[in-house]
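Remarks on the overall topology
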Amino acid sequence: MFALMQSTRLESLHLSVDSVTGLKAVIAIHNSRLGPALGGCRYLAYPDDESAVEDAIRLAQGMSYKAALAGLAQGGGVAVIIRPVHVENRAALFEAFGRCINQLDGRYITAIDSGTSVADMDCIAQQTQHVTSTTSAGDPAPHAAMGVFTGIRATAMARLGSDNLEGLRVAIQGLGNVGFALAEQLHAAGAELLVSDIDHGKVQLAMEQLGAHPIANDALLSTPCDILAPCGLGGVLNSNTVTQLRCSAVAGSANNQLTHLDVADQLERRGILYAPDYVINAGGLIYVSLKHRGEELTTITAHLSKISSRLTEVFAHAQAEKRSPARVADELAEKVLYR
């Protein structure tokens, strides 16, 4: 655990339990140089406690890099709540988690993430003010999707020579809140959608409303397309799956898409342009950060549009230096965080 903290430069790791509600929570604060750590709260089942801690640490690092390149006065942090097999009172569990956050005196601000909802954030808000994505703050998913859509256009321009998405084949892996919202925006732009999700109901909805083509979950990565958009959980790109890809670029909303940075080099060797996940998916963080600070929607939307120019900058550096955009993005973020 300490070796992982040192290798990722994690500032602190907080573990909390509550015997009454069954809460087992991890809060990882990666870097607070730019401001209080801000990041989502995941509520998922894990094979073991170590996996939950590792997930929190990796995600917190990504949030630091994301905030740095998004130009936000925030640090990076993430919370992970290990979902119990049986939950008697979900509201009480999240209220207990709110008390854990409050003990950190504002060093960490939580938000919605995989497995959590606006209602959960409302429960947390009963115990602390250091929370966003509440009913009053609004769901960040549409804004996250807007940022990814903007990033896909920048990726298409860099790889295919045009940001016109009409007729472009985009394969979306995962139709959660962000994935489905992204599919709607791509459909409106005239893209042809190939979709997969473990929830067949969401796939059916995409077929009916967006004219999407269903693809089996285990076949999506090897399906020919222009752009692959991973929008589920992380770790989809590894040394084995990259060999299956039949796309020109990868640009999606999922966090931690690469199992290792060497995979980015593998993509580069195959001529597949990779949009670094924490650059293209910064829209959700931008929304919750600026909303928490009381900014107007026009200001937030203007900030979201900068995702495109940041990606274009990363791609230009990568092309000039003949390196992976993932390595370029890491270096740019680290210059901001550790200069």
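We now turn to the structure provided with this report.

Reading the values: the criteria
- Residues numbered from 1 in each chain as written.
- Predicted model: local features only at pLDDT ≥ 70, side-chain atom pairs only at ≥ 80, totals over all residues.
- Heavy atoms only, no water.
- Pairing = 2+ DSSP bridges.
- Helix = DSSP H or I, 4+ residues; strand = E, 2+ residues; numbered from the N terminus.
- Axes fitted to C-alpha atoms, helices over the stretch in contact; angles between N-to-C directions.
- Parallel < 35°, antiparallel > 145°, perpendicular 65-115°, else oblique.
- Contact = heavy atoms within 4.5 Å.
- Nonpolar A, V, L, I, M, F, W, Y, C, P; charged D, E, K, R; others polar.
- Salt bridge = Lys/Arg side-chain N within 4 Å of Asp/Glu carboxyl O.
- Buried < 20%, exposed > 50% of the residue type's maximum accessible area, 1.4 Å probe, protein only.

Moving on to the sheet that holds strand β9 (residues 227-230). Taken together, 6 strands build an open sheet; the order of strands is β8-β7-β6-β9-β10-β11 and the sheet is parallel. Lying at the two open borders of the sheet, with one neighbouring strand each, are β8 (213-214) and β11 (273-274). Bridging between strand β7 (residues 192-196) and β8 involves 2 bridges; their strand directions are parallel. Residue pairing across strands places L194 opposite H213, the latter belonging to β8.

Let us look at the packing of helix α8 (residues 261-269) against helix α13 (residues 325-338). Helix-helix packing: each pair is described by the crossing angle between the helix axes and the interaxial distance. Here α8 crosses α13 at 135°, and the two axes come no closer than 8 Å. When the axes of α8 and α13 are compared, the pair comes out oblique. Across from L261, D262, A264, D265 and E268 in α8, the residues of α13 making contact are P325, A326, R327 and D330. Its residues assigned to classes, the contact of α8 with α13 shows 4 nonpolar, no polar and 5 charged.

Scanning the entire structure with this criterion turns up 11 salt bridges. Among the salt bridges present, the one from R310 reaches E313, with a minimum N-O distance of 3.0 Å. With R310 and E313 both in helix α12 (residues 306-321), this residue pair falls 3 residues apart, about one helical turn. What makes R310 partly exposed here is its relative accessible area of 24%. Taking relative accessible area as the criterion, E313 reaches 31% and is therefore assigned partly exposed. A cluster of three or more residues bridged by salt bridges with shared partners is formed by R42, D55 and D113.

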